[in-house]
Amino acid sequence: MNCCSLLPFMLGIPLLWPCLSTTENSKMEQVKHREGSRWRVKRGWMWNHFFVPEEMNKIPYHIGQLKSDIDNGNNSFQYKLLGVGAGSIFVIDERTGDIYAIQKLDREERSLYTLRAQVIDTTTGRAVEPESEFVIRVSDINDNEPQFLDAPYEAIVPEMSPEGTFVIQVTASDADDPSSGNNARLLYSLLQGQPYFSIEPTTGVIRISSQMDRELQDEYWVIIQAKDMIGLPGALSGTTSVLIKLSDVNDNKPVFKESLYRMTVSESAPTGTSIGRIKAYDNDIGENAEMDYSIEDDSQRFDIITNNENQEGIVILKKRVDFEHQNQYRIRARVQNRHVDEQLMKYHAEASTTMIKVQVEDDDEPPVFLRPYYVFEIFEGRPHGSLVGMVSATDPDQRKSPIWYSITRSKAFHIDENGTIITTNTLDREISAWHNLSITATEENNKQQSSAVLVYVQVLNINDHAPEFSEYYETYVCENAGSGQVIQTISAVDRDESIEDHHFYYNLSVEDSKNTSFAIIDNQDNTAVILTNRTGFSLQEEPVFYLSILIADNGIPSLTSTNTLSIQVCDCDDHGSTHSCSNKDFMLSIGFRTKIIIAVLICVVVISGFIFLILGLKHRRKQSLFPEKGEDFRENIFRYDDEGGGEEDTEAFDIAELRSSAPMREQKARKTIPADIQSLYRQSLQVGPDSAIFRKFILEKLQEADTDPCAPPFDSLQTYAFEGTGSLAGSLSSVGSAVSDQDENYDYLNELGPRFKRLACMFGSVMPPNN
């Protein structure tokens, strides 16, 4: 029903309200007398219903009158008012019982007051009536405006929603009495928000009245007004605002703003290289703006992947390109949303496309072999320089640079500038049946550009190896062996490779074909057995037999080898078993090995002793280098701290012994001495005292050092000279002496006192008789 049709009915209700609520006089209320009271006659109060309007302007305000039905108006009764508000808000005239309000009242704070009244006879001071409760109601006036307690409001609604879509419901409240007229009856209206929104006047429900596009405007402010008294004149109103946001729906498809993209890629770029980016724009947001890129023509060279962070399309190289083959590509890319609802497919009927032009850049590429690998065959035993095969590589670039070839680490093959491979050595299949070569092709104009290819050379077999025994056989025959007894089963091996299975043929040699002792039988399964051809063998007469066996293969041409089988005669046990023979040989071999080990150990011990003996003799010879002295000369060096020595100076050497030797200097032949050493030698002989004893001593030691190659030190210079200078007695050393030993006079030593007596006797011209 239209709200406007109800408006006259609503306006007529206040006019009829006084007729419906008439004031009535209350009858005498019969109250029961209190239990135990002296009064027997029932009395009653007489009053009107009490109402007081809120927010009255006149104070005090007369509310009504309390009066007992026995009050005859002689002023002998006194009225009293009791309860909450008595005396502070309400007062009573004690004589007449009139009640007054002395303060303004607010119904919203308190709507009724419950009071008690009492009447007392002033002559007797006794209560005429029992206490009685009565109620004073505060009547409502329209003094409160509507309020939106939940304000501000915010709502979200999908864009492009149809008309009538529910948005939100707002509710206002009025503190006035809803039962008192139209004071609390509200009507809602829009002050702002048309024409996109509407509101229901009585419920406050906001609905969409026109479709909206988020891409044009994503939020709206709507102002709502609520009026009480159903909007009549004098009504109070309140307003609130509602923020309505439009959520995104996928109503826009992504679109390329560029109709052509230009990109470049090098022909040397590897697979997966990013060569460029394309960008489509979508007015939607969030998940609705996620998109996928693709190539329409199913290109085998390029692909597009989507960057989920910025929704860009990355063009990558799917397969390597070749400038010489094709230097330009044109591809068409398309874009579409990833998430599209069924009801929104009408907005995405046709996807947006763009053109991508890719230019291939020429690059200096390495040579390319005609095959990914090569396999050649050659028979073994071919001479040096035999042809193996030929490889070929070309420069894929336009300039077609010349190519030269090389083999990496191979001594058996060689390759020339044309790619022809030849042998440099004779090949043997039994040593190596396959040769794996690495051939490198390098551009002559650019040494950095090179490529390699694998070459497999198979060496084919020729029958160049005769069969031979598969192992070394130790064959025994018992002395008491009978004729036809099998003593050995033999087999053969062939190092050659056979197209068919190997087959060997066994025969005795021509020399042994007349042998009456043993025979051979071919088993036709590449084995043969050796049998005895007689009864009885003698270990003393013929202990070993040598049997020549011919083994032939089935190769082309067939090869035959002669193999010798040694057969030892054995003194077998009673059972005729040859195991005891093999055990004896084993024990003999062990004993022989033990003897060899013992002999080696003895030789080691003898050699070690001889070495120690030589070392000991050398050490002893070094110790006896100066046999006349039992201690090192270094211990015979004395320091002279005073002028002129005494007897201590001669304790180290026995001068008497030195003087007893021949005084003549003896010249001995020496080895060749360098010039610098000879000068030192001459200088040491030219200085010092003129004593033949010391010169002889020094020359003897020098001769010893020259002729003994083991005397230490081997590489040092031994110098013998006289030391000591600065004494009043003169220099005791020949070092630095400027005079010869013939011109030196030592007679002054006799004048220096008894401390130099010994030296005076040794070097003076006059020797005392007792010395």
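Residues numbered from 1 in each chain as written. Predicted model: local features only at pLDDT ≥ 70, side-chain atom pairs only at ≥ 80, totals over all residues. Heavy atoms only, no water.

1. Overview of helix 5 (residues 692-707)
Here helix 5 spans 22 Å end to end across 16 residues, near enough to the 22 Å set by a 1.5 Å rise per residue. Buried within helix 5 are the following residues: Ala692, Ile693, Phe694, Arg695, Lys696, Ile698, Leu699, Lys701, Leu702, Gln703 and Asp706. (Helix = DSSP H or I, 4+ residues; strand = E, 2+ residues; numbered from the N terminus. Expected span 1.5 Å × (residues − 1). Buried < 20%, exposed > 50% of the residue type's maximum accessible area, 1.4 Å probe, protein only.)

2. Here we look at the state of the cysteines
In a disulfide, the sulfur atoms of two cysteines are covalently bonded to one another. As enumerated under the stated definition, the model contains one disulfide in all. Across the disulfide, Cys478 is cross-linked to Cys572 (sulfur-sulfur distance 1.9 Å). Taking the torsion about the S-S bond as the criterion, the Cys478 to Cys572 disulfide, at about -95°, is left-handed. Residue Cys478 is located in strand 35 (residues 475-478), and its partner Cys572 is located in the loop between strand 41 (560-570) and helix 2 (579-623); the two are separated by 94 residues in the primary sequence. When sorted by exposure, Cys478 lands in the same class as Cys572, which is buried. (Disulfide = S-S within 2.5 Å.)

3. As for the side chain of Thr240
With respect to the helices and strands, Thr240 occurs in strand 16 (residues 237-247). When its relative accessible area of 7% is taken as the criterion, Thr240 is described as buried. In contact with Thr240, other than residues within four places in its own chain, are Phe148, Ala151, Tyr153, Val222, Ile223 and Ile224. (Contact = heavy atoms within 4.5 Å.)

4. Some details on the sheet that holds strand 38 (residues 518-522)
The four strands are arranged 34-36-39-38 in an open sheet whose pairing can be described as antiparallel. The sheet terminates laterally at strand 34 (468-469) and strand 38, the two strands that pair on one side only. Where strand 36 (residues 486-493) meets strand 39 (residues 527-532), five bridges bridge the pair, whose relative direction is antiparallel. For Ile490, the partnering residue across the bridge sits in strand 39 and is Ala528. (Pairing = 2+ DSSP bridges.)

5. Remarks on the environment of Gln343
By the element assignment, Gln343 lies in the loop between strand 23 (328-337) and strand 24 (352-361). Gln343 sits 92 residues away from Asp251 along the chain, and the two C-alpha atoms are 9.9 Å apart.

6. Some details on unusual backbone geometry
Negative phi characterises most residues that are not glycine, and trans characterises most peptide bonds. Along the chain, Ile59 connects to Pro60 via a cis peptide bond; the corresponding omega equals -5°. Among the structural elements, Pro60 can be located in the loop between strand 2 (50-53) and strand 3 (61-65). If you check the backbone angles, Gln311 has positive phi at about 55° while not being a glycine. Looking at the secondary structure, you find Gln311 in the loop between strand 21 (302-307) and strand 22 (312-317). One non-glycine residue, Arg409, adopts positive backbone phi at about 50°. Among the secondary structure elements, Arg409 is positioned in the loop between strand 29 (403-407) and strand 30 (413-415). Look at Arg409 and you get exposed, because its relative accessible area is 81%.

7. Section: the pattern of salt bridges
Following the criterion strictly, the structure yields twelve salt bridges and no others. A salt bridge links Glu131 to Arg116, with the shortest nitrogen-to-oxygen separation between them at 3.3 Å. One end of the pair, Glu131, is in strand 9 (residues 126-139); the other, Arg116, is in strand 8 (residues 112-121), and 15 residues separate them in sequence. The class of Glu131 is partly exposed, set by a relative accessible area of 34%. The salt bridge partner of Arg207 is Glu200, with a shortest N-O separation of 3.1 Å. (Salt bridge = Lys/Arg side-chain N within 4 Å of Asp/Glu carboxyl O.)

8. Considering the environment of Leu246
Mapped onto the elements, Leu246 comes out in strand 16. By relative accessible area, Leu246 is classed as buried at 7%. Distance in space between the C-alpha atoms of Leu246 and Glu159 is 5.2 Å, their sequence separation being 87 residues. The residues touching Leu246, leaving out its near neighbours within four places in the chain, are Val157, Glu159, Met212, Asp213, Arg214, Gln217, Asp218 and Tyr220.

9. A few points about the nonpolar core
Counting residues in each nonpolar core, the largest one holds 27 residues, and the members touching the most others are Ile490, Phe518, Ile530, Ile549 and Ile567. The set of elements that each furnish at least two residues to this core consists of strand 35, strand 36, strand 37 (505-508), strand 38, strand 39, strand 40 (544-552) and strand 41. Look past the residues within four positions of Ile567 in its chain and what remains in contact with it is Thr475, Val477, Ile487, Phe518, Ile530, Pro543, Val544, Phe545 and Leu547. (Core = buried A, V, L, I, M, F, W, Y, C linked by side-chain atoms within 4.5 Å.)

10. Things to note about the sheet that holds strand 6 (residues 90-92)
As a general point, the strands of a sheet are linked pairwise by backbone hydrogen bonds and lie either parallel or antiparallel. Pairing is antiparallel across the open sheet formed by three strands, whose spatial order is 3-7-6. Each end of this open sheet is capped by a strand with a single partner; those strands are strand 3 and strand 6. Sheet twist, expressed as the mean angle between neighbouring strand axes with direction ignored, is 25°. Summarising the sheet, strand 6 and strand 7 (residues 98-101) pair through three bridges and their orientation is antiparallel. (Axes fitted to C-alpha atoms, helices over the stretch in contact; angles between N-to-C directions.)

11. Observations regarding the packing of aromatic side chains
Summed over all chains, the structure comprises 13 aromatic pairs. Seen from their ring centres, Phe50 and Phe134 are 5.5 Å apart, and the 70° between their planes marks the pair as edge-to-face. Of this pair, Phe50 sits in strand 2 while Phe134 sits in strand 9, and the two are 84 residues apart along the sequence. Neither residue differs from the other here; Phe50 and Phe134 are each classed as buried. With 6.2 Å between their ring centres and 50° between their planes, Phe148 and Tyr188 make a pair best called tilted. Of this pair, Phe148 sits in the loop between strand 9 and strand 10 (153-158) while Tyr188 is found in strand 12 (residues 187-192), placing the two residues 40 residues apart along the sequence. Residue Phe148 shares its accessibility class with Tyr188, and that shared class is buried. (Phe/Tyr/Trp six-rings, centres within 6.5 Å; stacked < 30°, edge-to-face > 60°.)

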